[in-house]
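Residue strings, one per chain:
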Amino acid sequence: MVKRATVKGKTPALKARLNDDIGEEKRLTMYRLQLEVRHLEQRAHDLFFQNLIKGTSHLAIGQEAIASGFGAALRPDDYTFCTYRGHAHTLVRGTSMTGMLGELMGKECGMLKGKGGSMHLTDVEKGAMGSYAIIGAHLPIAAGAAWQAQYNKTGQIAVCFFGDGTTNIGAFHEAINFAVIWDLPVVFVCENNLYMEYTPISEVTAVQHPAADRASAYGLPSIIVDGNDADAVYRVAITAFEKARSGGGPSLIEAKTYRHSGHSRADPASYRPEGELEEWLKKDPIPMYRQRLLDFGVKEKVVNGIEEAVIQAVDEATEAAKASPTPPVEYAFADVWADGGSSWRN
Amino acid sequence: MAELTYREAVAAAIAQEMRRDESVVFLGEDIAKAGGVFKATVGLWEEFGDLRVRDTPISEQAILGAAMGAAMTGLKPIAEIMFSDFLAVCWDIVSNQIAKSRYMTGGQVDMPLVIRTANGGGARFGAQHSQSVENWAMMIPGIKVVAPSTPADVKGLLAAAIRDPDPVIFFEQKSLYAVKGEVPETEYVDEIGKAKVLRDGDDVTILALALMVPRALEAAERLQVEFGISATVVDIRSLVPLDTQTILSETKKTGRVVTVEENPRLCGWGAEISSIIVEECFYDLDMPIVRITTPHIPLASADELEDAMIPSVDQIVETIRREVD
Ligand SMILES: Cc1ncc(C[n+]2csc(CCOP(=O)(O)OP(=O)(O)O)c2C)c(N)n1
Ligand SMILES: [Mg+2]
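Since the structure is predicted, the reported quantities are computational estimates derived from the model, not experimental observations.

Procedures and definitions
- Here the residue numbering is sequential within each chain, running from 1 through the sequence in written order.
- Following the order in which they are written, the chains are lettered starting with A and the ligands numbered starting with 1.
- It should be noted that, the model being predicted, local features are given only for residues of pLDDT at least 70 and side-chain atom pairs only at 80 or more, the latter also being counted only at that level, while totals for whole chains, interfaces and linings use all residues.
- Only hydrogens and water are set aside when side-chain values are computed; all heavy atoms of the structure are taken into account.
- Working rule for contacts: check all heavy atoms of both residues, and any pair within 4.5 Å makes them a contact.
- Accessible surface is computed with a 1.4 Å probe, and the buried area is the amount of it that two parts give up when combined, taken over both parts together.
- We define a salt bridge as a contact between a side-chain nitrogen of Lys or Arg and a carboxyl oxygen of Asp or Glu at a distance within 4 Å.
- Pairs of N or O atoms within 3.5 Å make up the polar contacts considered here, provided that, within protein, one atom can donate a hydrogen while the other can accept it, and that residues adjacent in sequence are counted only when both atoms are side-chain atoms.
- Helix and strand definitions here come from DSSP, where helices need a minimum of 4 consecutive H or I residues and strands a minimum of 2 consecutive E residues; each element is numbered from the N-terminal end.
- All amino acids are sorted into three groups, where Ala, Val, Leu, Ile, Met, Phe, Trp, Tyr, Cys and Pro are nonpolar, Asp, Glu, Lys and Arg are charged, and the leftover types, Gly among them, are polar.
- Here's how the labels work: a residue is buried when its accessible area is under 20% of the maximum for its type, exposed when over 50%, partly exposed in between, all with a 1.4 Å probe on protein chains only.
- A single heavy atom is enough: if one lies within 4 Å of a molecule or strand, its residue is considered near that molecule or strand.
- Surface accessibility follows the Shrake-Rupley procedure with a 1.4 Å probe radius. Residue values consider only the protein chains on display as shielding.
- Here the rule is simple: two strands pair whenever DSSP picks up at least two bridges between them.
- Whether a crossover is right-handed comes down to one check: with the strands pointing away from the viewer, does the path from the first strand over the helix to the second run clockwise; if it does, it is right-handed.

As a further point, take the interface of chain B and chain A. In this complex, chain B contributes 53 residues to the contact, which on the side of chain A involves 41 residues. Summed over both sides, the interface between chain B and chain A buries roughly 3900 Å², with carbon and sulfur atoms accounting for 62% of that surface. On inspection of chain B and its partner chain A, the count reaches one salt bridge. Its salt-bridge partner being R345 of chain A, residue E280 of chain B comes within 2.6 Å of it at the nearest N-O pair. Inspection of the region where chain B meets chain A yields 21 residue pairs in polar contact (both at pLDDT 80 or more). Counting residues per element, the side of chain B that touches chain A draws most heavily on helix 3 (residues 60–72) of chain B, which supplies nine residues. Classifying every residue of the side of chain B that touches chain A gives 23 nonpolar, 17 polar and 13 charged.

Burial analysis of helix 4 (residues 91–98) of chain B places six of its eight residues in the buried class, which makes it a mostly covered element. Among all positions in helix 4 of chain B, only D92, I93, V94, S95, Q97 and I98 of chain B are buried. Structurally, helix 4 of chain B contributes buried residues whose contacts are with strand 2 (128–132) and helix 6 (138–151) of chain A together with helix 3, helix 5 (101–104), strand 5 (114–119) and strand 7 (168–173) of chain B.

Turning to the site of ligand 1, a few remarks are in order. Residue and element names in this part refer to chain A. Residues in close proximity to ligand 1 total 15 residues, the closest being Y84, R85, G165, T166 and E197. Contact distances for ligand 1 include 2.9 Å between an oxygen atom and a side-chain N or O atom of N193. E197 places a polar side-chain atom, nitrogen or oxygen, 2.9 Å from a nitrogen atom of ligand 1. Protein chains bury 75% of the 580 Å² of accessible surface belonging to ligand 1 in isolation. For the shell around ligand 1, the per-class residue count stands at seven nonpolar, five polar and three charged.

A word on the pairing of strand 3 (residues 158–163) of chain A. Along a regular strand, successive side chains alternate from one face of the sheet to the other. All names here are of chain A. Counting buried residues along strand 3, six of its six residues qualify, which places the element largely inside the surrounding structure. In strand 3, alternate side chains face the same way, and those of A158, C160 and F162 on one face and V159, F161 and G163 on the other are all buried. Where strand 1 (residues 79–83) and strand 3 come together, three bridges link them in parallel fashion. The residue bridging F81 from the neighbouring strand is C160, located in strand 3. Sheet topology note: the strand 3/strand 4 (residues 186–192) ladder contains six bridges and is parallel. What sits directly across from F161, in strand 4, is V189. Running through helix 7 (residues 170–181), the crossover from strand 3 to the neighbouring parallel element strand 4 is right-handed.

Right, dumping it as C-alpha cells:
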C-alpha cells in the first residue's frame, strides 16, 4: 500500500474537510471506538490462549468500522441489538471494559454475572439490548423495541446488526416485512463479511448482494456501503436514523467487510482462498482511518494519544477483571423470574 | 356476576387490563378487525383502536419477537398464536429468547408478556391443529404456564398473566370456547400458581387441567352415583408455578391419585406431578398413581378416532372404578 504524505499542520482546506458534516470530534470518537474494539478483542484473543477465557469467542477484527460508525451516530437512549460477534457493538455503547472482560473470564464482575458469556453481552442501561446467538432471532426483537419507541413516541430508534448468512433465515424476512408495514423506526445492518461460518455466502445465496438485493422485495431501497470506512458508515447511519426518527420507517443497509480471523476461536479459516486475507488487510479500517486523520491535519500526537489511552484502559480492565473473584454459586439460581429467584413450585 | 362464554371472557380480561394500563398492547393474526379466528377478541379493536390492537402478517417469529422487544423496553404485549401447534415455528423465540433473556443477562431484562394460544383437541381438525402442547412449555425454565378450565378462570387468570412481570403462555382449550359460566363483572384478577379444589371426596384425588376438568367433574359425579366412589377433583390451572402444596395435601387426604391429561403420554405434566408425589408423600399412597392421558400418538381427525384417544368421561369412570376397587 502506498502511504499518502502526511500533511503537517492544518491548512484551511484541510480544516474544512475535517470539519465537514462529520467533524473532528466525531472522527476522533470513531477512531477511539475502532481502537477500543480492536485492542479489547486482541486482548480477549490473548487471554484465550492463556486459558483465562473459556468457551468460545467470535472476533470482529477487521469489521470495527461498522459498529463504530453506527455507534457514533446513535443517541444514548437508542437501542442496539447484535449477535454473538458482539463485543464491538456492545463496546461502542460505552459499556465497561472490565464488565465485558470479566464476563468473558467468568468473573463476578462480569456484566452478566457470569451467566451469559461472550455470546450474550448486554448492557440495558447503555441501550445495548443484547447479543443473540440464534441466527436471525434478534431482527424481530429489534422491531419490537422500535414498536415501543413508536407507540410511546419517544424518538428512539433500534439498530440491529447481523451477518450475511442471516439473510437466508426466515426471521430476517419476517422481521423486515413486519417493520416496513408498521413503519417501525428500526435500522437493519447486514455486515457482509463474505462468509457464514465456513461457507462463502455466494455459494448459498440466490442473489449477489445478500441483503441489498433483497431490499426491493420489501419496498426498500438497496443500500450498500463500504463497511471498512467509518466515515461512509457514519453518513449512511445518519441518513437512515433521520428517516426512522421522522416516521419514514426502517432501512436495510449492507456493509461490505471482512473478518481477519476465523469464524470463532476454533476456526483457522483454512477455507479462504490464498491471498484473500492479504487483500483485505490492505483495507484494514484502522490504519486507513488513522491515515485519514493525519491527512486531515490532526496532530500525530493526538492520534497516538488516543491509542495509548485505549491500550491503558484495556490493560486496567484486564487487571481488574483478573482480580475479580469468581461468581458465587448462588448466582446460578438467581434471576430466572422477576422476583429474582428460580422457584417453580410452592 | 354475568354469564359469559369462555371466549367472551378472553376479550373481557384483555379489555379490563387495556383500560387500566396504557402499556398493554395486543398483536396477532386476524385478532383486530376480524375479532380472532375463534372470535375470542371481538370488540377490542373497536374499543382500543389501531395503535393498541394490531393485525399482523402470518409471521409467528415476528409476532413473538416483536412482543419480546416491546416487553424488554417497557410495553406489556399480549401476542396471539392462533393455534398452539404453530408455536413450533416460533419456538426459538419462546424457548431461547423470551424464556432465557432475564437469566442470561444477570437480571437486566424484563419480560412482561403473554402468549395466548388455542390449544388441544376435540374440534376434528387433525394432528396439526389439535395438539395439547402445555407440556412443551412446562419443560422450559423461565416460562409460566397457565391453562384455565372455566370462563371465570379465563378472566381472572388472563388478567393476572397480563399483570405478571414474567412471560406467561396462556393455553385456551379451543373446545371450551363456547362453554358458559358466571364471571365477575367488576375488576377481577386471580392468582397464578394456585390450584383449585372443585370437589371434595374421600376415596380418590383426580388431578386435571383445562378440558379435562369438566370431564373429571362429570366422572366424579358418576363415580359417586353409580359406584359410591367419592372423588376429589383438583383443577391444576397453572403448571408453572405449580401448586404442589395443594396437590400433596389433596393426595394425602385420599391416598389415591389419578391424573387426567390431554397431552400425549410421554413427559406429560402428570409424569412430573407423579414424581413429586412419589418423592414427597409416597407413604401416604394406598395405590400406585394412575395416569390417564391421550396415548402417545398424533391426533386423528375423524370423530370416533379423536374421541377414542382423548381421555373421556367414560374412560375416567372406568379406570377409576377398576383401580380403586
Ligand atoms: C439458527 C442457527 N443456525 C446455525 C447457527 C450456527 N451458526 C453460528 S454463527 C453462523 C454463521 C453466521 O453467519 P453470518 O450471519 O454471516 O454472521 P458472521 O458470523 O459472519 O458474523 C452459524 C451458521 C446458529 N447459531 N443459529
Ligand atoms: Mg458472515
